[in-house]
Amino acid sequence: MEPRWLPIEEITAIFSQHHSYAETDEMRRGMYLREYTALRELTEKSKENAVLMNHAIEK
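This section reports on the structure supplied with the text. These figures come from a predicted structure and were not determined experimentally.

Turning next to the overall build of the chain. Counting its secondary structure elements, the chain contains 2 helices and 0 strands. Whereas a compact globule of 59 residues would reach a radius of gyration of roughly 10 Å, the chain reaches 16 Å, over 25% beyond that. If you line up the chain on its principal axes, its C-alpha atoms span 55 × 25 × 10 Å. For the chain, the exposed area adds up to about 5400 Å²; of that, 59% sits on carbon and sulfur atoms.

And the structure:
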């Protein structure tokens, strides 16, 4: 397996499946949940910053 970059939307979709491991693999579920949470926070902050930048440019 070779590491590769994926679009953030695709990665978020992959890690959003953390609940599917709840019954079978708690360690993997925890890892997926941690990554999903981090990606969500990153994308939300990115959106907030874009709005703030657009607002500052309009002034």
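Moving on from the model shown.
This part takes up the pattern of salt bridges. Tallied over the entire structure, the rule returns 5 salt bridges. Arg 28 is paired through a salt bridge with Asp 25; the nearest N and O atoms lie 3.7 Å apart. Judged by relative accessible area, Arg 28 falls into the partly exposed class, the value being 37%. For Asp 25, a relative accessible area of 30% gives the class partly exposed.

For the rest of this paragraph, the subject is the packing of aromatic side chains. The relation between two aromatic rings is expressed through the spacing of the ring centres and the mutual angle of the planes. Under the criterion given, the structure shown has 2 aromatic pairs. When the centroid spacing of 4.9 Å and the interplanar angle of 75 degrees are considered together, the rings of Phe 15 and Tyr 32 count as edge-to-face. Of this pair, Phe 15 sits in helix 1 (residues 8-15) while Tyr 32 sits in helix 2 (residues 26-58); the two residues are 17 residues apart in sequence, bridging distant segments of the chain. The two residues Phe 15 and Tyr 32 agree in class, both being buried. With a centroid separation of 5.1 Å and an interplanar angle of 65 degrees, the aromatic rings of Tyr 21 and Tyr 32 are classed as edge-to-face.

Note on placement: Asp 25 falls in the loop between helix 1 and helix 2. In this structure the side chain of Asp 25 is engaged in a polar contact, spanning 3.1 Å, whose partner is the backbone nitrogen of Arg 28.

Quick notes on the rules
- Residues numbered from 1 in each chain as written.
- Predicted model: local features only at pLDDT ≥ 70, side-chain atom pairs only at ≥ 80, totals over all residues.
- Heavy atoms only, no water.
- Helix = DSSP H or I, 4+ residues; strand = E, 2+ residues; numbered from the N terminus.
- Rg over C-alpha atoms; globule rule 2.2 N^0.38 Å.
- Areas by Shrake-Rupley, 256 points an atom, 1.4 Å probe, with all protein chains shown as cover.
- Salt bridge = Lys/Arg side-chain N within 4 Å of Asp/Glu carboxyl O.
- Buried < 20%, exposed > 50% of the residue type's maximum accessible area, 1.4 Å probe, protein only.
- Phe/Tyr/Trp six-rings, centres within 6.5 Å; stacked < 30°, edge-to-face > 60°.
- Polar contact = N/O pair within 3.5 Å; in protein donor to acceptor, adjacent residues only side chain to side chain.

Honestly, it's all geometry; don't read function into it.
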